[in-house]
Amino acid sequence: MLLSPYISETDRYDSMRANCSIPAIFCFLICLCCWTYSGQVLAQTASMQFIHNSSDPSIEVIDVWIDGVKVVDNLNFRNAASAIDFSPSGATVLYVCDSASTDTTNSLIQWSDSTADSSRHQFILQGLQQPGGFSPFQPLELLYFNSVPDSAAISGNTDVRWINGITDGGMLSVEEIKLGFGTMLQGFGYGDVALNEAYTTSNYRIELSNNTTQIGQFEFDLSAQDLEDRGITVVFSGFRQPQNNSNGATLQLIGFEADGTRHVFNRSMARVQWIHNSPDPAIPSLDIYRNGEEVLSDLNFRAATGYTAVPAGVNWNIEVKEEGSSATLATRELQLEADQSYVAIIAGNAESGFSVERPLSIEVRSSRRSAQLGAATDVLFFNGSPDFANARLFERSALNDFLFGATTFGSFSGYSALPFIDYRIDLIDEVDNSLFATYDLILKQFNLEGEAITLMTSGYRDTASNKNGPPVGLWFARSTSGLMIELPQAVGIQERTAASPELLIFPQPANDGVTLRCEERIKELVLYDAVGTMVRRLQPNRMELSLSTNELASGMYLLHIQLSNGASLQRKLQVQH
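Within the chain, the regular secondary structure consists of two helices and 42 strands. Its C-alpha radius of gyration of 38 Å places the chain more than 25% over the 25 Å reference for a compact globule of 577 residues. Based on the C-alpha atoms only, the size of the chain along its principal axes is roughly 160 × 60 × 35 Å. Long-range pairs, those at least 24 residues apart, make up 64% of the contacts in the chain with a sequence separation of at least 6. When the accessible surface of the chain is totalled, it reaches about 27,100 Å², and 47% of it is carbon and sulfur. Looking at charge distribution, the chain has the averaged site of its 37 positive side-chain charges lying 10 Å from that of its 66 negative ones.

See the structure below:
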């Protein structure tokens with residue numbers, strides 16, 4: 001019997017169903033599963049973080065392409081693009097191009113390798129595009145890692161991946177100098193990487209040095225930047241000497257979290273106030289240079305700057321020049337400590353032919369920007385008169401004592417904290433103990449409560465023998481910028497040796513109590529503490545009295561005494577338990 005060659009679709013399906021065995025069904029299901037899994041693998045994506053750390057000024061902005069697709073558009077120097085999704089393959093090709101790129105034809109650098117073994121990747125661009133203008137030249141490169149720091153391995157820590165991208169830094173040592181942590185990295189050259197360094201999350205200060213040369217200090221404030229339990233990539237960025245590297249970026253320390261969050265670890269800073277106190281008529285205005293770069297112009301005689309921030313922990317070569325001139329008049333090497341304030345006074349003469357030869361100099365001392373006690377005024381004294389060899393200041397109205405001891409030209413005294421009242425000051429020539437002049441230091445009139453000032457002699461005693469320069473006086477500079485202020489000479493004063501009612505105060509310093517004895521009856525006594533607060537007021541109306549000091553804190557006090565004959569006396573009282 002012949003079979004018909006035609007088989008309907010229904011018959012074909014029934015035939016297949018009837019003849020299909022169990023093993024065949026199992027193989028079909030396996031193939032189906034494999035196809036589905038294969039489709040899932042092909043659909044998977046990986047993520048990439050890209051950090052631009054090339055300090056070459058010619059490529060400040062870049063594009064990034066992967067396998068012919070632009071994935072990052074206009075990435076700025078010292079920034080990160082994170083969470084760039086792409087499909088990893090057997091040979092992923094990454095291109096870095098100029099920011100105006102429309103394709104990868106003229107790429108700056110490219111990278112090709114397998115990225116299929118990881119789901120997170122990190123690329124860091126560093127180095128320089130072309131030789132010329134750089135010392136030394138380090139060619140452009142891409143650092144690749146198949147992981148991105150995300151979290152700390154141990155709670156309470158911060159895990160750090162260090163990258164040295166400073167092309168002219170040499171072999172660096174990194175020391176923690178604030179908390180005593182010690183060495184963090186040593187022999188750390190350009191392109192070097194330190195993986196998974198763990199630090200207790202705290203606020204560190206790190207110092208970079210190359211052999212014996214200090215490069216800079218940075219506030220590595222992990223705690224303040226909320227990096228506990230986090231992982232970050234920290235790059236050293238920029239140039240140690242920008243002037244030798246196409247005037248590129250200065251040195252900086254920057255951290256990046258896995259999500260691209262950027263943390264700038266600022267340089268440790270000190271603050272300096274500049275004061276022009278040279279009375280030489282030839283230099284009415286000065287320029288200040290730091291490591292060959294002008295940082296201050298047209299600083300006038302008897303003027304002061306405010307406190308300006310400068311990097312700490314670095315050797316600075318300071319030059320003073322006449323305004324608009326290239327000739328250096330005075331130089332000094334400075335290295336300032338972090339978080340400290342300094343006053344720098346330019347004193348002396350730029351030329352010869354004066355009665356006393358005092359070459360121009362830069363005198364520097366640590367200083368205060370405000371009073372340590374809020375209601376007082378802190379005073380620093382500087383002898384800046386070239387022909388006043390040795391000066392001392394006597395306070396005659398309140399303290400009846402030397403305010404500042406003998407201070408030679410170009411030298412500073414220590415600070416004196418003065419209660420917020422008015423004072424009368426004798427300027428005395430220490431050489432023969434003669435009184436030169438008396439001045440009023442009127443703290444209230446000048447509104448100096450809570451301030452710190454620098455008081456100085458300024459000018460010449462003998463103007464005729466010093467090119468008719470300005471006459472000497474007592475001037476002070478506030479901590480803010482502006483012209484110095486001259487103290488007025490006292491009017492109608494008596495000589496310091498003039499007779500006055502004798503007042504004895506003993507013992508000094510007082511412990512449990514003190515006795516006051518006077519030739520006149522003490523009508524009223526008012527006691528003030530060091531910040532000018534009245535702590536006691538008495539009206540004994542007798543010539544001798546005892547005053548208990550048990551309940552007074554140790555320190556300096558002022559006694560304002562009104563006598564029965566109408567005279568007023570002010571004396572200091574020191575209490576020491």
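This next bit is on the pattern of salt bridges. This model, assessed by the stated rule, comprises 16 salt bridges. Among the ionic pairs, R205 bridges to D339, the shortest N-O distance being 2.6 Å. Highlighted residues: R205 in strand β13 (residues 203–210) and D339 in the loop between β24 (328–334) and β25 (341–347), separated in sequence by 134 residues. On the accessibility criterion, R205 (10% relative accessible area) is buried.

Along the chain, T457 falls in strand β33 (residues 452–458). Among the polar contacts listed, one links the side chain of T457 to the backbone nitrogen of G384, at a separation of 2.8 Å. Beyond its immediate sequence surroundings of up to four residues, T457 is in contact with N277, F381, F382, N383, G384, S385, L427, V472, G473 and L474.

A separate point is the sheet that holds β24. The four strands are arranged β20-β19-β23-β24 in an open sheet whose pairing can be described as antiparallel. Each having just a single partner strand, β20 (293–300) and β24 make up the two edges of the open sheet. With strand direction ignored, the average angle separating the axes of adjacent strands in the sheet is 20°. Pairing of strand β19 (residues 285–290) with β20 involves five bridges; the strand directions are antiparallel. Across the sheet, residue I288 finds its bridge partner in β20, namely L296.

Counted according to the given criterion, the structure contains 18 aromatic pairs. With a centroid separation of 5.6 Å and 20° between ring planes, the pair formed by W162 and F236 is classed as stacked. Taken together, the positions of W162 in strand β9 (residues 157–164) and F236 in strand β15 (residues 231–237) put the pair 74 residues apart, joining distant regions of the chain. Among the aromatic residues, ring-to-ring pairing joins W162, F181, F188, Y199, Y204, F220, F236 and F265 into one connected group. Sitting over the ring of Y289, K321 keeps its end group 4.2 Å from the ring centre. Between the NZ or CZ atom of R461 and the centre of the ring of F388, over which it lies, the distance is 4.3 Å.

To continue, consider the confidence of the model for the chain. Per-residue confidence for the chain gives a mean pLDDT of 88; residues scoring 70 or more make up 90%. In this model residues 1–43 is a low-confidence stretch, pLDDT under 50, and it forms two contacts with partners more than four residues away in sequence or in other chains. Confidence drops under a pLDDT of 50 for residues 493–499, and excluding neighbours within four residues, the segment shows ten contacts in the predicted structure.

Cut-offs and rules
Residues numbered from 1 in each chain as written. Predicted model: local features only at pLDDT ≥ 70, side-chain atom pairs only at ≥ 80, totals over all residues. Heavy atoms only, no water. Helix = DSSP H or I, 4+ residues; strand = E, 2+ residues; numbered from the N terminus. Rg over C-alpha atoms; globule rule 2.2 N^0.38 Å. Contact = heavy atoms within 4.5 Å. Areas by Shrake-Rupley, 256 points an atom, 1.4 Å probe, with all protein chains shown as cover. Lys, Arg positive; Asp, Glu negative; His and termini not counted. Charge placed at Lys NZ, Arg CZ, Asp CG, Glu CD. Salt bridge = Lys/Arg side-chain N within 4 Å of Asp/Glu carboxyl O. Buried < 20%, exposed > 50% of the residue type's maximum accessible area, 1.4 Å probe, protein only. Polar contact = N/O pair within 3.5 Å; in protein donor to acceptor, adjacent residues only side chain to side chain. Pairing = 2+ DSSP bridges. Axes fitted to C-alpha atoms, helices over the stretch in contact; angles between N-to-C directions. Phe/Tyr/Trp six-rings, centres within 6.5 Å; stacked < 30°, edge-to-face > 60°. Lys NZ or Arg CZ within 6 Å of the ring centre and 35° of its normal. pLDDT = per-residue confidence, 0-100.

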